[in-house]
Amino acid sequence: MYTLDELQSIVKKCHRCPLSKARTNVVFGEGSEKATIMFIGEGPGYNEDKMGRPFVGRAGELLDRMIEAIGFKREDVYIANVVKCRPPNNRDPLEEESEICIEFLRWQVKIVDPDIIVCLGRIAAKSIIHKDFRITQNRGIWYNKGKFNIMATYHPAALLRDESKKRDAWEDFKSIKRKYEELNEDMKG
Ligand code: SF4
């Protein structure tokens with residue numbers, strides 16, 4: 001089993017798929033190694049690629065505010081993406097790119113070992129929950145895979161493009177908080 005630091009040094013040197021060619025930085029992911037909640041997006045955008053950190057542009061600021069609105073801080077959770085290098089012109093990652101890179105995400109999940117996984121947007125949900133996932137119809141539903149409680153909600157960038165989605169996203173975030181409390185109660189027995 002790797003530590004997150006060991007895994008990060010492996011991923012930083014990765015050239016397993018063509019996305020390595022145009023990247024400025026590998027965006028490994030960040031947050032608490034002991035996080036109960038892990039948020040997963042599809043891949044780095046322009047700002048993330050420049051800074052080497054996930055969710056740092058306007059969408060990232062919105063994600064931070066939503067995390068804070070349910071009582072957590074960004075440092076309490078873990079934030080990562082399915083692909084660690086920016087797809088050119090912000091296109092969706094190709095299936096083959098996601099399939100190669102997701103091995104690193106699996107390691108991150110193994111190391112952090114969260115109880116709750118939240119997919120941000122369609123691409124992450126398709127890679128993690130099931131390939132026919134429809135974000136408008138299936139968001140907000142809890143799925144169980146092994147010990148993990150998994151849900152998908154809108155990507156914060158989609159909320160910036162379409163304000164009308166914010167109400168549903170807020171319901172999803174409240175549901176994340178309830179799930180967290182439920183799991184905590186169970187642990188207290
Ligand atoms: S996207 Fe993932 S698999 Fe492709 S080069 Fe980057 S780290 Fe490697």
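In what follows, the structure referred to is the one given above.
Remember, predicted model here, so these are calculated numbers, not experimental data. Note on numbering: residues in each chain are counted from 1, in written sequence order. For this predicted model, a pLDDT threshold of at least 70 governs which residues receive local features, and a threshold of 80 or more governs which side-chain atom pairs are given and counted, while totals over whole chains, interfaces and linings are taken from all residues. The side-chain figures draw on all heavy atoms in the structure; neither hydrogens nor water molecules are used.

## A look at the overall build of the protein
In step 1: Scanning the protein for helices and strands turns up eight helices and six strands.
In step 2: Segments assigned H or I by DSSP are reported as helices when at least four residues long, segments assigned E as strands when at least two residues long, and all are numbered from the N terminus. Secondary structure of the protein in N-to-C order comes out as α-β-β-α-α-β-α-β-α-α-β-β-α-α.
In step 3: Principal-axis analysis of the C-alpha atoms gives the protein an extent of 45 × 40 × 30 Å.
In step 4: For each residue, the accessible area found with a 1.4 Å probe, counting protein chains only, is set against the maximum for its type, and the residue is called buried under 20%, exposed over 50%, and partly exposed in between. The 189 residues of the protein split such that 51% are buried.
In step 5: The protein chains shown are the only cover counted for residues, whose accessible areas, like all others here, come from Shrake-Rupley with a 1.4 Å probe. Working note: accessible area of the protein is about 9800 Å², and carbon and sulfur atoms make up 47% of it.
In step 6: We score Asp and Glu as negative and Lys and Arg as positive, and we do not count His or the chain ends. To locate a charge, take NZ of a lysine, CZ of an arginine, CG of an aspartate or CD of a glutamate. Of the charged side chains in the protein, 33 are positive and 30 negative; the average position of the first set lies 3 Å away from that of the second.

## A word on the packing of aromatic side chains
In step 1: Pairs were defined over the aromatic rings of Phe, Tyr and Trp, the Trp ring being its six-membered one, requiring ring centres within 6.5 Å. Orientation was assigned from the angle between planes: stacked under 30 degrees, edge-to-face over 60, tilted for the rest. Under the definition given, this model contains four aromatic pairs.
In step 2: Here the basic side chain of K177 rests over the ring of F72, its NZ or CZ set 5.0 Å away from the ring centre.
In step 3: Counting as a charge over the ring demands two things of the Lys NZ or Arg CZ atom: a distance within 6 Å of the ring centre and an angle within 35 degrees of the ring normal. Above the ring of W142, the side-chain terminus of K179 is found at 5.1 Å from the ring centroid.

## Quick look at the side chain of R86
In step 1: The residue R86 is located in the loop between β3 (78–81) and α4 (95–112) in this model.
In step 2: By convention in these notes, a salt bridge is any Lys or Arg side-chain nitrogen within 4 Å of a carboxyl oxygen on Asp or Glu. Here R86 is buried and forms no salt bridge, its nearest opposite-charge partner D49 lying at an N-O distance of 4.9 Å.
In step 3: In what follows, a contact means two residues having at least one pair of non-hydrogen atoms within 4.5 Å. Excluding its chain neighbours within four sequence positions, the residues that come into contact with R86 are L19, P44, G45, Y46 and D49.

## Considerations on the site of the ligand
In step 1: We define proximity as follows: a residue is near a molecule or strand when any one of its heavy atoms falls within 4 Å of that partner. In the vicinity of the ligand, the contacting residues are V11, C14, R16, C17, L19, S20, R23, K84, C85, I100, C101 and F104.
In step 2: As defined here, a cavity is a set of points on a 1 Å grid over the protein atoms alone where a 1.4 Å probe fits but cannot get out. A pocket is an open set with protein on both sides within 12 Å along at least five of seven lines, and residues line them when an atom is within 4 Å of a point. More than half of a molecule's atoms lying within 2 Å of a cavity's or pocket's grid points is what places that molecule inside it. Taken atom by atom, the bulk of the ligand overlaps the largest cavity.
In step 3: Element by element, the count of residues in the shell around the ligand is highest for α4, at three residues.

## Remarks on the pairing of strand β6 (residues 148–153)
In step 1: Across the six residues that make up β6, a large majority, six, are buried.
In step 2: Residue alternation in β6 divides its side chains into two sets, F148, I150 and A152 and N149, M151 and T153, and both sets are buried.
In step 3: Examined bridge by bridge, strand β5 (residues 143–145) and β6 share three bridges and lie antiparallel to one another. Paired with K145 across the two strands is F148, which belongs to β6.
In step 4: When DSSP finds at least two bridges between two strands, those strands are taken to pair. A loop of two residues connects β5 with β6, the two strands running antiparallel in sequence, and G146 in this loop sits at a positive phi of about 60 degrees.

## Examining the environment of I117
In step 1: Looking at the secondary structure, you find I117 in strand β4 (residues 116–120).
In step 2: The spacing of I117 and N149 is 32 residues in sequence and 6.2 Å in space, taken between C-alpha atoms.

## Describing the packing of helix α3 (residues 58–69) against helix α8 (residues 166–188)
In step 1: Each axis is a line fitted through C-alpha atoms, taken for helices only over the stretch in contact, and angles between the N-to-C directions span 0 to 180 degrees. Between α3 and α8, whose axes approach to 10 Å, the crossing angle comes to 45 degrees. Taken together, α3 and α8 sit at an angle that is classed as oblique. Regarding α3 and α8, the two cross each other, and that crossing is right-handed. In this structure, α3 contributes L62, L63, M66, I67 and A69 to the contact, and α8 contributes K166, A169, W170 and F173. Note on terminology: angles under 35 degrees are roughly parallel, angles over 145 are roughly antiparallel, angles of 65 to 115 are roughly perpendicular, and the others are oblique. Note: crossing handedness is left-handed where the near helix turns anticlockwise from the far helix by less than a right angle, and right-handed where it turns clockwise.

None of the figures reported here should be taken as evidence of function without further support.
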